[in-house]
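Residue-level structure breakdown
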Amino acid sequence: MLFVATGGAAVVPPTRADSVPTFVQFPLECGVLEILLSTAVGMMAAELEEMDRTVEAFNVACLEHHPKPRTLHDLHELKEPVDGFMDRLANTGKVLEQLLNSSEDMRGMELTRLYYSLLPDEATERDEDDYNPNLEIMFEYFDQELDQMTQRASKVQRVLANAERHINLKLSLMRSKFHIFDIISGILGVGIAAGNGISGIFGMNLRSDLENSKTSFLLSVSAIVLLAATSVLIAWYFRARYV
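Here is what the cut-offs are and how they apply
Residues numbered from 1 in each chain as written. Predicted model: local features only at pLDDT ≥ 70, side-chain atom pairs only at ≥ 80, totals over all residues. Heavy atoms only, no water. UniProt positions renumbered as here; feature names shortened; annotations may be inferred. Helix = DSSP H or I, 4+ residues; strand = E, 2+ residues; numbered from the N terminus. Buried < 20%, exposed > 50% of the residue type's maximum accessible area, 1.4 Å probe, protein only. Contact = heavy atoms within 4.5 Å. Areas by Shrake-Rupley, 256 points an atom, 1.4 Å probe, with all protein chains shown as cover. Salt bridge = Lys/Arg side-chain N within 4 Å of Asp/Glu carboxyl O. Expected span 1.5 Å × (residues − 1). Phe/Tyr/Trp six-rings, centres within 6.5 Å; stacked < 30°, edge-to-face > 60°. Patch = residues over 30% accessible without salt bridge, like charges linked within 9 Å, V, L, I, M, F, W, Y side chains within 5 Å. Core = buried A, V, L, I, M, F, W, Y, C linked by side-chain atoms within 4.5 Å. Axes fitted to C-alpha atoms, helices over the stretch in contact; angles between N-to-C directions. Parallel < 35°, antiparallel > 145°, perpendicular 65-115°, else oblique. Left-handed = near helix turned anticlockwise from the far one by under 90°. Nonpolar A, V, L, I, M, F, W, Y, C, P; charged D, E, K, R; others polar.

As annotated in an unreviewed UniProt entry, the protein chain carries the name Mg2+ transporter and is attributed to Gregarina niphandrodes. For the record of the protein chain, the UniProt heading Subcellular location (unreviewed entry) holds the text "Membrane".

1. Some words on the overall build of the protein chain
Helices and strands together make up the secondary structure of the protein chain, namely six helices and two strands. When burial is assessed residue by residue, the protein chain has 26% of its 243 residues classed as buried. Within the protein chain, contacts between residues separated by at least 24 positions form 77% of all contacts whose residues are at least 6 apart in sequence. Here the protein chain has roughly 16,700 Å² of accessible surface; of this, 61% comes from carbon and sulfur atoms.

2. Some thoughts on the pattern of salt bridges
Going through the model one piece at a time under the given rule, you end up with six salt bridges. In this structure, the salt-bridge partner of Arg53 is Glu49, at a minimum N-O distance of 4.0 Å. Taken together, the residues Arg53 and Glu49, both in helix α1 (residues 28-64) and four residues apart, mark about one turn of the helix. Taking relative accessible area as the criterion, Arg53 reaches 49% and is therefore assigned partly exposed. One salt bridge connects Glu50 with Arg53, and the closest N-O pair in it is separated by 2.5 Å. Of this pair, Glu50 and Arg53 are both found in helix α1, three residues apart, which corresponds to roughly one turn of the helix. On the basis of relative accessible area, Glu50 is assigned to the partly exposed category, the value being 41%. A network of salt bridges, in which partner residues are shared, links Glu49, Glu50, Arg53 and Arg152.

3. Comments concerning the UniProt feature "transmembrane region" (unreviewed entry) in the protein chain
Under the local residue numbering, the UniProt record ascribes the feature "transmembrane region" (unreviewed entry) to residues 183-204 and 216-238. Taken as a whole, residues 216-238 contains 100% helix and 0% strand, while its terminal C-alpha atoms sit 33 Å from one another.

4. Description of α1
With 37 residues, α1 extends 54 Å between its outermost C-alpha atoms, agreeing within 8% with the 54 Å of an ideal straight helix rising 1.5 Å per residue. When α1 is considered as a whole, its buried residues turn out to be Glu29, Cys30, Gly31, Leu37, Val41, Met44, Leu48, Met51, Val55, Phe58, Asn59 and Cys62.

5. Re the environment of Glu49
Relative accessible area serves as the criterion here: at 34%, Glu49 is assigned to the partly exposed category. A C-alpha to C-alpha distance of 9.8 Å links Glu49 and Met149, two positions 100 residues apart in sequence.

6. Focus: the environment of Asn168
If you trace the backbone, Asn168 turns up in helix α5 (residues 133-203). Put simply, Asn168 and Leu72 are 96 residues apart on the chain and 8.7 Å apart in space, counted from C-alpha to C-alpha. Those residues in contact with Asn168 that lie beyond four places of it in its chain are Leu72 and Arg175.

7. A word on the packing of aromatic side chains
Across all of its chains, the model carries one aromatic pair by this definition. Arranged with centres 5.2 Å apart and planes meeting at 70 degrees, the rings of Tyr141 and Phe142 form a pair that is edge-to-face. Of the residues examined, Tyr141 reaches a relative accessible area of 46% and is grouped as partly exposed.

8. Remarks on a nonpolar patch on the surface
Judged by side-chain polarity, Phe217, Leu218, Val221 and Val225 come together as a nonpolar surface patch covering roughly 410 Å² of accessible area. Along the chain, the position of Leu218 falls in helix α6 (residues 216-242).

9. Observations concerning the nonpolar core
Counting 32 residues, the largest nonpolar core has Leu48, Phe58, Phe85, Leu89, Phe139 and Met149 as the members making the most contacts within it. The set of elements that each furnish at least two residues to this core consists of α1, α2 (71-101) and α5. Looking at this core, the element that brings in the most residues is α5, giving 12 residues. Not counting chain neighbours up to four residues away, the residues in contact with Phe85 comprise Met44, Glu47, Leu48, Met51 and Ala153.

10. Quick word on the packing of α1 against α2
At their nearest, the axes of α1 and α2 sit 11 Å apart, and the two run at 155 degrees to each other. When the axes of α1 and α2 are compared, the pair comes out roughly antiparallel. Crossing handedness for the pair α1 and α2: left-handed. Counting all contacts with α1, which are made through Met44, Glu47, Leu48, Met51, Thr54, Phe58 and Cys62, the residues of α2 involved are Thr71, Asp74, Leu75, Leu78, Pro81, Val82, Phe85, Arg88 and Leu89. Class assignment of the residues belonging to the contact of α1 with α2 gives a composition of 11 nonpolar, two polar and three charged.

What follows is the structure, given as structure tokens:
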């Protein structure tokens, strides 16, 4: 005969003649499991709330300011914990789904009921779907909580993805502006170099018929001014058109 030690005295467990205690309807192990799941889900919800605030602040900063050299690095540092959190949610939800879909596992979690089923007068064959419905309701509740957190975490991932696209777009625009300024500088440099070349030719101590011409100086100055003005106009066009 099985005995349960309570307060130093041996108590005979109830048999079929006695009624099964009411706490078997939602036994101690199920209550402990509910507390553990509630604590774990609460901690995950708090972690998700903190990540949501951090990502939202980062997104606002990206929209209001130009990206800095460490912006993409900070973005990837935010993506890693979010991805890890999504993996934990997926794995936890998968475990709950497996428990809900397995009648054998559900029956195996009712330790108190298993104990009473081992009593000599209580040993009966249980049906396949004969398990505590309260246990199933509890798992379904936490499964829904995980689904809601998964949706919120997916929203956080979308915010990070949009922020990454926004940062890449701003960086591309900055690179395009730098290329345009490089082209403008090159055009201005060509005009200045051409003027320096013409003045350098006239500055050489070599004889030519140009020294005796009255219009050569005016023509050379006009050519230098024309080249400089043309380069400035082209540079201004590029700046007005593409910047």
